[in-house]
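Secondary and tertiary structure notes
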Amino acid sequence: MDATAMTPDRAGRKQRRLRLILGLVLLPAVVGALAVGVAVGGQNTGIFDGEPPRWAGNLGRLLVILGVIVEVAAVVWVVRTGRYRAARQSPLLTLSWSHRRRLARQVRRGTPEADEDPALLVETARQFAGQRWFVVLVAGLAMTSVGQAFLGFAPFFAVIGGLLLVIWAVLTVSVLRNARRAEAFLRDHPDLSGR
C-alpha cells in the first residue's frame, strides 16, 4: 500500500482547511484592495462619501446583483425543499431558551445527559447537521456588503464591509463546526434514535 495515499476523511479535512485558508486570504485581500483603492484612486473621497472610479462602481453593482441572486436562490431552495416548514414545526420551538441551549451544548460536546429526552437530542443534532445551507445565504450577504462598500467607495463603508465580512466568516465557521459535531453526535449515539 502506498504510504502517500490519503484516506477520504483526511482528504476532506485537507480540502476544508484549504477552503478556510483561501477564505482567510481572500477576505483581507478584498478589503485591502478596497482600502487601497479608496486611498489612491478615489475622487472626492471623504470619510462617509466618495465617488467610485468606473471599475469600482461596475464591480460593486455586479457583486450586489450576484449577492441578491444567491440570497434569493438560497431562500427559495430552503422553502421548496421543505426545510423551512420542518424547522417551523420542530418540537424544539416549544422549549425554553435555556433548555435549547442545554440541548445544543450536549450535542456540541457529544455527551448526552442521562435524564435528557433522546428525541429532543436527536432533533437538535439533525437541525445542526441540516444548517449547512445557511452558508450559501451568508455568502450572498457577504457579496452584497462588499458590493455596497465598492459603490460607497469611502473609508466608512470599507470598515463596515470588513467588519460584516469578519462577522459572517465567524458565523460560517460556527455553523460548519456545529454541523460536523452534530453528525458525529448522531454517528456516535445511534441508540438515541432507536429509543
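Residues numbered from 1 in each chain as written. Predicted model: local features only at pLDDT ≥ 70, side-chain atom pairs only at ≥ 80, totals over all residues. Heavy atoms only, no water.

Here the second largest pocket is characterised by a volume of approximately 790 Å³. Taken together, 28 residues form the lining of the second largest pocket, with A87, L93, Q127, F128 and Q131 sitting closest to its centre. Of all the elements in the fold, those that place two or more residues in the lining of the second largest pocket are helix 2 (54-80), helix 3 (83-88), helix 4 (97-109), helix 5 (118-129), helix 6 (133-152) and helix 7 (155-188). Grouping the constituent residues of the lining of the second largest pocket by class yields 17 nonpolar, 5 polar and 6 charged. (1 Å grid on protein atoms, 1.4 Å probe; cavity = no way out; pocket = protein on both sides within 12 Å on 5 of 7 lines; lining within 4 Å. Points joined across faces, edges and corners; volume = space filled by probe spheres on them. Helix = DSSP H or I, 4+ residues; strand = E, 2+ residues; numbered from the N terminus. Nonpolar A, V, L, I, M, F, W, Y, C, P; charged D, E, K, R; others polar.)

As a further point, take helix 7. For helix 7, which comprises 34 residues, the first-to-last C-alpha distance of 49 Å matches the rise-based estimate of 50 Å (1.5 Å per residue) to within 8%. Taken residue by residue, helix 7 has A158, G161, G162, L165, W168, T172, V175, N178, A179, A182 and F185 as its buried positions. (Expected span 1.5 Å × (residues − 1). Buried < 20%, exposed > 50% of the residue type's maximum accessible area, 1.4 Å probe, protein only.)

Considering all chains together, one arrives at 3 aromatic pairs under this definition. On the numbers, 5.9 Å between centres and 70 degrees between planes, the contact of W55 with F150 is edge-to-face. Linking W55 in helix 2 with F150 in helix 6, this pair joins segments that are 95 residues apart in sequence. Judged by relative accessible area, which is 4%, F150 ranks as buried. On the basis of an interplanar angle of 75 degrees and a centroid distance of 5.5 Å, the ring pair of F156 and F157 is categorised as edge-to-face. Residue F156 is classed as partly exposed on the basis of its relative accessible area, which comes to 35%. (Phe/Tyr/Trp six-rings, centres within 6.5 Å; stacked < 30°, edge-to-face > 60°.)

Let us look at the nonpolar core. Membership of the largest hydrophobic core comes to 14 residues, with the highest contact counts inside it found for L103, V107, L121, A182 and F185. Of all elements in the fold, only helix 4, helix 5 and helix 7 reach the threshold of two or more residues within this core. Broken down by element, the residue count for this core peaks at 6 residues, all from helix 5. Non-local contacts of V107, meaning those with residues more than four positions away in its chain, are made with L121, T124, A125, F128, R181, A182 and F185. Within the second largest apolar cluster, 9 residues are counted, among which are A56, A142, F153 and W168. (Core = buried A, V, L, I, M, F, W, Y, C linked by side-chain atoms within 4.5 Å. Contact = heavy atoms within 4.5 Å.)

Here the focus is the side chain of T124. Looking at the element boundaries, T124 is found in helix 5. The exposure class assigned to T124 is buried, which follows from its relative accessible area of 6%. Setting aside residues no more than four positions away along its own chain, T124 makes contact with L92, L103, A104 and V107.

Moving on to the confidence of the model for the protein chain. Of the residues in the protein chain, 75% have a pLDDT of 70 or more, and the chain-wide mean is 80. Between the elements of the protein chain, mean pLDDT differs from a low of 61, seen in helix 1 (residues 8-41), to a high of 92, seen in helix 4. (pLDDT = per-residue confidence, 0-100.)

Taking 1.5 Å of rise per residue, 13 residues should cover 18 Å, and helix 4 covers 18 Å from first to last C-alpha, within 8% of that figure. Buried residues belonging to helix 4 abut helix 5 and helix 7. In the stretch just after helix 4, G110 is the one whose phi turns positive, near 75 degrees.

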